[in-house]
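Now for the letters of each chain:
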Amino acid sequence: TEKKTTLDQALRGVLGDQIVSTLLTAIILTPFILLGRTTLTRLSTCADLLRRLSKSQNTVFCGRIQLFLARLFPLSEKSGLNLQSQFNLENITVFNKNEQESTFGQKPAEEKEDGMEVEEGEMGEDDNPAPCSIPIDYNLYRKFWTLQDYFRNPVQCYDKFSWMTFLKFSDETLAVFKSYKLDDMQASKRKLEELRASGGEHVYFAKFLTSEKLMDLQLSDSNFRRHILLQYLILFQYLKGQVKFKSSSCLLNDDQTTWIEETTKLVYQLLKEIPPDGDKFGTMLEHILNTEENWNTWKNEGCPSFVKESDELTRLWNLNQDNMEACRSESREFMPSLDEFFAEAIEQADPANMVEAEYKVVRNPNYGWRALRLLSRRSPHFFQPTNQKFKSLADYLDSMVSKLAKELPDIPSEEIKTGEEDDDDNGDNLLKDSNDSDKIVTNQQMDDIAAKLGAQWKTLASHLEMKAAELREIETDSEDVEMQAKLLLVAWQDREGSQATVENLVTALTAAGFSELADNLNEA
């Protein structure tokens, strides 16, 4: 107590009562902050200290306490968050609201009286500003500073009358910014560099200076303009954003939304025109506000912890004793069968269903991409050589659907019509077994013949009238002789189309000296 009293008396005559009280409070409470055993003790001590300090006069000290709390508590600590999106309604900007007391239009005194001190925020004789090209009157002054009340409490903008006032005042203010451009000299680039060189540690703007004498200087200051334009962007972000605790009546109509979008573009344009480094500043500001959207989403979701469970991988690893066996499980088989995937396409290919070409699933690019992947895994037709030319993927899939319709056993034949029928007068088509001679060679029959032909497939190739280039392509596609034989038969079937019948293949086998294979094919 004696030390406190001595220190108190020594400092009050030099620094003043308010600063001394602040310093003593900090000296006394610091041990409690550092040695407090619980989070609540630290938090309540810092909060009590902040209440004793003036945010406008002790800005630096308040900021250091806030930084201390930010480092002391985790990011997801809800006690340090503005969960309900409340506004500091006590932050009122005071300005002259009485036009009768306005100094606009009055001629300034030619000389100041000797010994008169220059007030804070006023200019000395050597710092006279360049004349402003925009006429400034009390009307502009009043409208400009009235906007601060909307920035302080954005909820007013949802009121129809208040919104009209805000819109009118904003249009006039932004029109002044747009018509009155700043060059490097007006933006005080040289002074900014001097400030950076000196460190700029003692420059803080806790409150706006609203003197009428400073209006023309503020319009010429780049930092001041950036402050005002940034306030617009923050306000617009709140009005458009989804806030969990926002009232259901706080909704924008279409006209308001359109005006905000157009004004946002104008604000960014004005920011990029302000020197120095306007483009860089505007881009950085846009990035920061976009990042802020992520924080708003996080708050709306109840501020979930950023720390993930450390044993998540362990849980996944222990789902099954044998992980490789689990990967081979039937439940992990996601590839459909050919008949399941192409059933709709085959049904649409039937002329009796009268499905127009533009409405067929084969015209869907997404369907076509999946169809190609499935064919490459489950159908030999995908790798077969062919001389047919297709103008589009849909045409190619139409051809593949026609072939699959003839081969798939799970789809009833009466539902599969590919448009390659004979004349209706004959009463027959390619999918009805009217007689053995009209049967199309099936995929299973080609597999059986290919397995028995083996390396002798070239002997049959000449009787199927295959060209030498086609034979070389078959040999290039596969080194397995059984697969080469299968590719030969598939290429022949593609070329012949509806003429790739059992009878024609039997004839070719007999001529090539494979009579036994021909007899087996006839009996099948």
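Before reading further, recall that the structure is shown in the block above.
Residues numbered from 1 in each chain as written. Predicted model: local features only at pLDDT ≥ 70, side-chain atom pairs only at ≥ 80, totals over all residues. Heavy atoms only, no water.

K.L.:
Quick question: what am I supposed to make of the packing of helix α17 (residues 443–453) against helix α22 (residues 515–523) here?
P.N.:
For the pair α17 and α22, interaxial distance at closest approach is 11 Å and the crossing angle is 160 degrees. Taken together, the axes of α17 and α22 are roughly antiparallel relative to one another. Note that α17 runs across α22; the crossing there is right-handed. Contacts from Gln 445, Ile 449, Lys 452 and Leu 453 of α17 reach α22 at Leu 517, Asn 520 and Leu 521. Classifying every residue of the contact of α17 with α22 by side-chain character gives four nonpolar, two polar and one charged. (Axes fitted to C-alpha atoms, helices over the stretch in contact; angles between N-to-C directions. Helix = DSSP H or I, 4+ residues; strand = E, 2+ residues; numbered from the N terminus. Parallel < 35°, antiparallel > 145°, perpendicular 65-115°, else oblique. Left-handed = near helix turned anticlockwise from the far one by under 90°. Contact = heavy atoms within 4.5 Å. Nonpolar A, V, L, I, M, F, W, Y, C, P; charged D, E, K, R; others polar.)

K.L.:
Where do I start with empty space enclosed by the protein in this structure?
P.N.:
The rolling of a water-molecule-sized probe over the atoms marks out the regions of remaining empty space. Evaluation of the coordinates by the stated rule reveals three cavities of 30 Å³ or more. Estimated volume of the largest cavity: approximately 60 Å³. If you go around the largest cavity, the residues you meet are Phe 177, Lys 181, Leu 182, Arg 225, Leu 229, Leu 270, Glu 273 and Ile 274. Of the residues that constitute the lining of the largest cavity, the class distribution is five nonpolar, no polar and three charged. The wall of the second largest cavity is formed by Ala 345, Gln 348, Ala 349, Lys 360, Val 361, Val 362, Asp 398 and Val 401. (1 Å grid on protein atoms, 1.4 Å probe; cavity = no way out; pocket = protein on both sides within 12 Å on 5 of 7 lines; lining within 4 Å. Points joined across faces, edges and corners; volume = space filled by probe spheres on them.)

K.L.:
For this particular structure, what's the right way to read the environment of Asn 98?
P.N.:
Checked against the element boundaries, Asn 98 lands in the loop between α4 (59–72) and α5 (138–152). Owing to a relative accessible area of 31%, Asn 98 belongs among the partly exposed residues under this scheme. Measuring from C-alpha to C-alpha, the distance between Asn 98 and Arg 142 comes to 9.3 Å, with 44 residues separating the pair along the chain. Polar side-chain contacts of Asn 98 include one of 3.0 Å to the backbone nitrogen of Gln 100. (Buried < 20%, exposed > 50% of the residue type's maximum accessible area, 1.4 Å probe, protein only. Polar contact = N/O pair within 3.5 Å; in protein donor to acceptor, adjacent residues only side chain to side chain.)

K.L.:
Even after reading the chapter, I still don't get the packing of aromatic side chains, so can you show me in this structure?
P.N.:
Given two aromatic rings, one states the distance between the centres and the angle between the planes to describe the pair. The tally for this structure, following the rule as stated, stands at 22 aromatic pairs. With a centroid separation of 6.1 Å and 80 degrees between ring planes, the pair formed by Phe 95 and Tyr 141 is classed as edge-to-face. Of this pair, Phe 95 sits in the loop between α4 and α5 while Tyr 141 sits in helix α5; the two residues are 46 residues apart in sequence, bridging distant segments of the chain. A relative accessible area of 13% means that Phe 95 is categorised as buried. When its relative accessible area of 1% is taken as the criterion, Tyr 141 is described as buried. Ring geometry for Phe 166 and Trp 259: centres 6.0 Å apart, planes at 75 degrees, overall edge-to-face. Taken together, the positions of Phe 166 in helix α6 (residues 160–179) and Trp 259 in helix α10 (residues 254–273) put the pair 93 residues apart, joining distant regions of the chain. You'll find Phe 166 and Trp 259 in the same group, each marked buried. The structure contains a cluster of three or more aromatic residues connected by ring pairs, namely Tyr 150, Phe 151, Trp 163, Phe 166, Tyr 232, Phe 236 and Trp 259. One Lys or Arg, Arg 226, reaches over the ring of Phe 281 and ends 4.3 Å from the middle of that ring. Sitting over the ring of Tyr 238, Lys 246 keeps its end group 4.6 Å from the ring centre. (Phe/Tyr/Trp six-rings, centres within 6.5 Å; stacked < 30°, edge-to-face > 60°. Lys NZ or Arg CZ within 6 Å of the ring centre and 35° of its normal.)

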